[in-house]
Amino acid sequence: MAAAGEGSQSSRGPRRDPPRRPPRDGYGVYVYPNSFFRYEGEWKGGKKHGHGKLLFKDGSYYEGAFVDGEITGEGRRHWAWSGDTFTGQFVLGEPQGRGVIEYKAGGCYEGEVSHGVREGHGFLVDRDGQVYQGSFHGNKRHGLGQMLFRNGDKYDGDWVQDQRQGHGVLRCADGSTYEGQWHSDVFSGLGSMAHCSGLTYSGLWINGHPAEQATKMVILGPEVMEVVQGCPFSVHVQLLQDQGETAQSESGRVLQISAAVRYVQLPAYSEVSFFHVDGDNQETRLQTPFGFECIPYPVSSPEAGVLGPRAAKGGAEADVPLPGGDQELDSDALHGQDTLGDQLATGCAPCRPGARQRVQQGHATFTDVLLGPPPSGYHPFLFLDSLRKKAGSRSRGGPHPGAAPPTAPEPPGGSRPEGRAMEKRAVAAAYPGEYVVVIRDVTTPPFLGRTLPTAFKHLRVVANSSGQRPHVLEEGDPEASGGWQATYSCTPEPPVPR
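What counts, and where the lines are drawn
Residues numbered from 1 in each chain as written. Predicted model: local features only at pLDDT ≥ 70, side-chain atom pairs only at ≥ 80, totals over all residues. Heavy atoms only, no water. Helix = DSSP H or I, 4+ residues; strand = E, 2+ residues; numbered from the N terminus. Buried < 20%, exposed > 50% of the residue type's maximum accessible area, 1.4 Å probe, protein only. Contact = heavy atoms within 4.5 Å. Areas by Shrake-Rupley, 256 points an atom, 1.4 Å probe, with all protein chains shown as cover. Disulfide = S-S within 2.5 Å. Pairing = 2+ DSSP bridges. Core = buried A, V, L, I, M, F, W, Y, C linked by side-chain atoms within 4.5 Å. Phe/Tyr/Trp six-rings, centres within 6.5 Å; stacked < 30°, edge-to-face > 60°. Lys NZ or Arg CZ within 6 Å of the ring centre and 35° of its normal. Polar contact = N/O pair within 3.5 Å; in protein donor to acceptor, adjacent residues only side chain to side chain. Salt bridge = Lys/Arg side-chain N within 4 Å of Asp/Glu carboxyl O.

Engineer: Help me understand the overall build of the chain in this model?
Structural biologist: Of the regular secondary structure elements, the chain holds 4 helices and 33 strands. For the chain, the residues scored as buried account for 40% of the 498 residues in total. Taking as baseline every contact in the chain between residues at least 6 positions apart, the subset at least 24 positions apart corresponds to 44%. Total accessible area on the chain stands at roughly 26,500 Å², and carbon and sulfur atoms take up 51% of it.

Now the structure itself:
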């Protein structure tokens, strides 16, 4: 029996000591029975209490304050599985209160936390360097906050679940500003944008796009505008939406006016067959929607700073600048023109093409637009048969075929105030024929990356069959007493003596 008993005892193997108890008080090291935790630090009454470090088997750890065996107070927690670290306040093992989170992927957060997530007010720098300061809920930007984006844009307004939603102001790095409603991180609802180009839009936005944006522009008036030779005219432009309604919500778009002449004229409308262009003044032909090609032609307007015959001699103070400081010259349109001295010598006001206007509530008007004489290098071919028929009636003082462009007659001579005699000058006019007025959207940079299609208007210059010719009021004329402003009109021409 004894042998059997001894044999059964030996079969049970060596006896194991019970696990060692944790230290009672003071400083000590304890490895938990499951071997997942290891603690070294201060103890009180057999519980972790004071300062210590708790290590986890996966490499995570906490170092800081303990109270009655729980992680509570100031400390530092590192999670091995994410690589993130929190330094701050803890309650019952969870980050709670204020602290700093350092993210392994980049960036950091400083502010309030609850149950380990961002909650309350805080300051977040993400891995791209973008900065948010404001309210958080459920670890996401939520409530009122400010955001500085990587591209330099700044947003100040409402957030919902990490997206801009509600009312907010966006100030873009390029100088543009939007203020209004947001939804799902895009402009949505009523809002106003002041674009860096000077364009403003105030109205409804849908999914980041203006609902009442202009998509095209039209030149108002009949299908073919008729203008008496040498007389100024106005061009009215209207911006339209897709539905054909006026884009009244939009202002500030910059439009530029230019002109072109039909490359081959129709005999039924003009004595001019076509222009022969010198080899050094070859111009690119412009395709028009009217079924014919054009070449650039000089056009002038007060908005472009055009000088009248008197004002041209008055110096820079006589210039009439483009409203808004957008006075610029179109170098392509100037190509082939006479020099300033040549134009003044012939009595022609210098043409400064490329007049610009800003749209106001979907409308723009170019006033006192005038087609000048053909520039140097443009040589018109005339229909000789039609000229021979008129040769008899113009034998006295009439223009000779192939002569310079028709000009206004000089007013009767007379003395000027203070005994100063001024040289009379006339304005050279365009030949009768077919022309095209061109309006281009030159807003820079384009609004939301889109430029409106170019608008065209068919223009017919007709000879004055009623015997009228244009003239310019001179200084000292009764009608010109208002100042040094060139005023264009059409006045009857005295009958030609027979």
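Engineer: Can you walk me through the state of the cysteines in this structure?
Structural biologist: What makes a disulfide is a covalent bond joining the sulfur atoms belonging to two cysteines. Throughout the structure, instances matching the rule amount to 0 disulfides. With no disulfide partner, Cys172 has as its closest neighbouring cysteine sulfur the one in Cys196, 8.3 Å distant. Using a relative accessible area of 23% as the deciding quantity, one classes Cys172 as partly exposed. Here Cys196 falls in the partly exposed class, since its relative accessible area comes to 29%.

Engineer: Can you walk me through the sheet that holds strand 18 (residues 216-219) in this structure?
Structural biologist: Within a sheet, adjacent strands bond to each other through the backbone by hydrogen bonds, running parallel or antiparallel. Taken in spatial order, the 4 strands line up as 18-20-28-26 in an open sheet, and their pairing is antiparallel. Edge positions in the sheet fall to strand 18 and strand 26 (299-300), since each of these pairs with one other strand and no more. Relative to strand 28 (residues 363-371), strand 20 (residues 233-240) runs antiparallel, the two being bridged by 5 bridges. Residue pairing across strands places Val237 opposite Ala364, the latter belonging to strand 28.

Engineer: Mind showing me how you'd approach the nonpolar core here?
Structural biologist: Judged by nonpolar contacts, the single largest core of 33 residues is most densely connected at Phe233, Val235, Leu371, Tyr435 and Ile439. Mapped onto this core, the elements with two or more residues apiece are strand 18, strand 19 (224-228), strand 20, strand 22 (254-262), strand 25 (293-297), strand 28, strand 30 (433-441) and strand 31 (455-462). When neighbours within four sequence positions are excluded, Phe233 is seen to be in contact with Met225, Val227, Phe366, Thr367, Asp368, Val369, Leu371, Val437 and Leu459. Counting 29 residues, the second-largest nonpolar core is a separate cluster that includes Phe86, Tyr155, Met193 and Tyr201.

Engineer: Quick question: what am I supposed to make of the packing of aromatic side chains here?
Structural biologist: The description of two aromatic rings rests on the distance between their centres and on the angle between their planes. What the rule picks out here adds up to 24 aromatic pairs. Relative to Phe187, the ring of Trp182 has its centre 4.9 Å away and its plane inclined at 75°; by these criteria the two rings are edge-to-face. The same class applies to Trp182 as to Phe187, namely buried. Just above the ring of Tyr39 sits the side chain of Lys48; from NZ or CZ to the centre is 5.9 Å. In this structure, Arg164 is placed above the aromatic ring of Tyr155, and the distance from its NZ or CZ to the ring centre is 5.5 Å.

Engineer: What am I meant to see in the environment of Arg38 here?
Structural biologist: Mapped onto the secondary structure, Arg38 falls in strand 2 (residues 37-44). Looking at Arg38, the relative accessible area reads 34%, which means it is partly exposed. Here the alpha-carbon distance between Arg38 and Leu54, two residues 16 residues apart in the chain, equals 5.8 Å. Beyond its immediate chain neighbours, meaning those up to four positions away, Arg38 contacts Val29, Tyr30, Val31, Tyr32, Lys53, Leu54 and Leu55. A distance of 2.5 Å separates the side chain of Arg38 from the side chain of Glu40, its partner in a polar contact.

Engineer: Could you clarify how one ought to interpret the pattern of salt bridges in this entry?
Structural biologist: Two side chains that carry opposite charge are able to pair once their charged atoms sit near each other. Overall, the coordinates contain 10 salt bridges when judged by the stated rule. Notably, a salt bridge pairs Arg76 with Glu102, separated by 3.9 Å at the nearest N-O pair. Pair noted here: Arg76 is in strand 5 (residues 70-78) and Glu102 is in strand 7 (residues 94-102), with a separation of 26 residues, a long-range link. Accessibility expressed as a relative area gives 39% for Glu102, which makes it partly exposed. Here Glu293 and Arg285 are joined by a salt bridge, their closest N and O atoms 3.2 Å apart.

Engineer: Help me understand unusual backbone geometry in this model?
Structural biologist: Glycine aside, residues mostly have negative phi, and peptide bonds are mostly found in the trans state. Each neighbour pair has its own omega, and for Thr444 with Pro445 the value is -10°, a cis peptide bond. Examined against the element boundaries, Pro445 turns out to sit in the loop between strand 30 and strand 31. Positive phi is not limited to glycine here, since Ser184 has a value of about 55°. Position of Ser184 relative to the elements: it lies in the loop between strand 14 (177-183) and strand 15 (186-194). Accessibility expressed as a relative area gives 37% for Ser184, which makes it partly exposed.

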